[in-house]
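# Chains, contacts and geometry: an overview
Each chain, written out:
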Amino acid sequence: MLVLVLGALVILGAIYAQPAPLEETVVVLPSPDGHTGTVIVQRGSERHVLNQPFAASRLAGGQAGMAQLSDAEVRQSFGVALQALPARPATFLLYFVTATDELTDESKGELKKILAALKQRPVPDIMVVGHTDTVGDLEANDLLSAQRAERMKGFLVEIGIPGRQIRTAGRGERELLVPTADNIDEPRNRRVEINVR
Amino acid sequence: MRWTLLVCLFCFAAGVWAGDVGQIKAATGAVFLERQGQRLPATVGMPVQESDTLVTGADGSAGVTFSDNSLLSVGPGSVLAIERYAFDSTTHNGHFDASLKKGTLAVVSGKMVKQSPDAMRVRTPSSIMGVRGTEFVVKVSEPGS
């Protein structure tokens, strides 16, 4: 008898010692471009497919279910985390005068905007890739593309971005934005790509 | 040609990401990285490595950018483990397993998910989330909180 009572106490103790199950919420959000992707929530054998803006999967009191939240409800629960989200990686293009590392007049104006945008980012990690059109031979274009990238790096260092955070590469005429035959003067191929994250 | 090679070598040598999988871009309040049993105060600019756990205090929040352009951020009272991470910047193949033990998490998926939809998984104590190129938030909390 005593053994039975003790046994029952041990079992009861084990039940009460179980911590209450945690609550969980998953909400899919629309991207800034308006597109909403899909999150598949698998909980044991249960599966929730979230593919509408602010569609949610919730677990509370051991019960799981789907729900539709509002933008305001998401801001309320996740505002601080969303606020801490880093700036989205971005790519900028600048164009050059034929056979030089001089920017076109239009791109000079653009450069000012890009530099201002880069200055806003804490510890920007930058990759600058230079390109040429197909005029001239491969080796000369490799060199020119590297010079274009280095010239842009110079502007970035000038506004205070540490050089060690900026990598450069020259791709010559190997990665044309607009595919052309050899020896074609194509302004859109004479460019640098500035990737920042 | 020799020049190109030199330029390329220089690029690799200067790689900000060598050995690191991400970087802290935002940190407010108490934020730590647990790495190999040590608890390091996390500051903006600090690299994040595979197997790191990001921990925030009651007043803390932090944001991390990963090498495939995935973005993750956590709110107060959070514990987020970066369990597995690999990314090949040439093929865009990789895998990313993260686990939110508690707190709040915001995710913007990156290049590896575009390449292969099963590349990224986020776990909570009772769920596994598959990510098909998207943004989402996750909360794990005590009942009634």
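This is a predicted model, so every value here is computed, not measured.

This brings us to the overall build of chain B. Across its full length, chain B carries 2 helices and 12 strands. By the burial criterion, 46% of the 145 residues in chain B qualify as buried.

Quick look at the interface of chain B and chain A now. Taken together, the 50 residues of chain B in the interface contact 45 residues of chain A. Counting only elements with at least two residues in the side of chain B that touches chain A, the list comes to helix H1 (2-13), strand S1 (22-28), strand S6 (61-66), strand S7 (71-74), strand S9 (94-108), strand S11 (128-132) and strand S12 (135-141) of chain B. Per-element accounting of the side of chain B that touches chain A gives the leading share, 7 residues, to S12 of chain B. Broken down by class, the residue content of the side of chain B that touches chain A amounts to 26 nonpolar, 19 polar and 5 charged. Two strands pair when backbone bridges link them, and strand S1 (residues 23-29) of chain A and S12 of chain B are joined in this way by 7 bridges, in the antiparallel orientation. The residue of S12 of chain B that forms the bridge with Glu23 of chain A is Ser141 of chain B.

This part takes up the domain arrangement of chain A. The domain boundaries assigned to chain A delineate domain 1 (20-83) and domain 2 (90-196). Relative to domain 2 of chain A, the C-alpha centre of domain 1 of chain A lies at a distance of 41 Å.

Turning to unusual backbone geometry, a few remarks are in order. Notably, Asn183 of chain A is not glycine yet its phi reads approximately 60 degrees, a positive angle. Relative to the assigned elements, Asn183 of chain A resides in the loop between strand S8 (166-170) and strand S9 (191-196). With 10 C-beta atoms packed within 10 Å, Asn183 of chain A lands in the exposed category. Phi at Gln36 of chain B takes a positive value of approximately 45 degrees, unusual for a residue other than glycine. Residue placement: Gln36 of chain B occurs in the loop between strand S2 (31-35) and strand S3 (38-41). Of the residues examined, Gln36 of chain B has 8 C-beta atoms within 10 Å and is grouped as exposed.

Turning next to the nonpolar core. The biggest cluster of nonpolar side chains holds 54 residues, and the ones touching the most others in it are Val26 and Val39 of chain A together with Ala62, Leu105, Phe136 and Val137 of chain B. Sort the elements by how many residues they give to this core and S9 of chain B lands first, with 7 residues. For Phe136 of chain B, the contacting residues outside a window of four places in its chain are Val26, Val27, Val28, Leu29 and Val39 of chain A together with Val107 of chain B.

Moving on to the sheet that holds S8 of chain A. Residue and element names in this part refer to chain A. One open sheet holds the 4 strands; their spatial order is S6-S9-S7-S8, and the pairing between them is mixed. At either end of the open sheet lies a strand with only one pairing partner, and these are strand S6 (90-95) and S8. Averaged over all adjacent pairs, the angle separating strand axes in this sheet is 15 degrees, with direction ignored. As judged from the 5 bridges shared by strand S7 (residues 126-130) and S8, these two strands associate in the parallel manner. For Ile126, the partnering residue across the bridge sits in S8 and is Ile166. Against the sheet, helix H3 (residues 105-119) engages S6 and S9, with an angle of about 155 degrees to S6. Packing against the sheet, helix H4 (residues 138-158) makes contact with S6, S7, S8 and S9, and its axis sits at approximately 160 degrees to S8.

Time to look at the pairing of strand S8 (residues 79-87) of chain B. A regular strand carries its side chains on alternate faces of the sheet. Residues and elements named next belong to chain B. As judged from the 3 bridges shared by strand S5 (residues 53-56) and S8, these two strands associate in the antiparallel manner. Following the sheet pairing, Val55 is matched in S8 by Val79. Summarising the sheet, S8 and S9 pair through 8 bridges and their orientation is antiparallel. Bridging across to S9, Tyr85 finds its partner in Phe96. Linkage of S8 to S9, two consecutive antiparallel strands, is achieved through a turn of 6 residues, within which His92 is found at a positive phi near 65 degrees.

So, on to the environment of Leu138 of chain A. Residue and element names in this part refer to chain A. Position of Leu138 among the secondary structure elements: in helix H4. We classify Leu138 as partly exposed; it has 15 C-beta atoms within 10 Å. Distance in space between the C-alpha atoms of Leu138 and Val28 is 48 Å, their sequence separation being 110 residues. For Leu138, the residues in contact, after removing those within four places along its chain, are Gly172 and Glu173.

What counts as what
- Residues numbered from 1 in each chain as written.
- Chains lettered and ligands numbered in written order.
- Predicted model: local features only at pLDDT ≥ 70, side-chain atom pairs only at ≥ 80, totals over all residues.
- Helix = DSSP H or I, 4+ residues; strand = E, 2+ residues; numbered from the N terminus.
- Buried ≥ 20, exposed ≤ 12 C-beta atoms within 10 Å, placed from the backbone.
- Contact = placed C-beta atoms within 7 Å.
- Nonpolar A, V, L, I, M, F, W, Y, C, P; charged D, E, K, R; others polar.
- Pairing = 2+ DSSP bridges.
- Domains from an automatic or database assignment.
- Core = buried A, V, L, I, M, F, W, Y, C linked by C-beta atoms within 7 Å.
- Axes fitted to C-alpha atoms, helices over the stretch in contact; angles between N-to-C directions.

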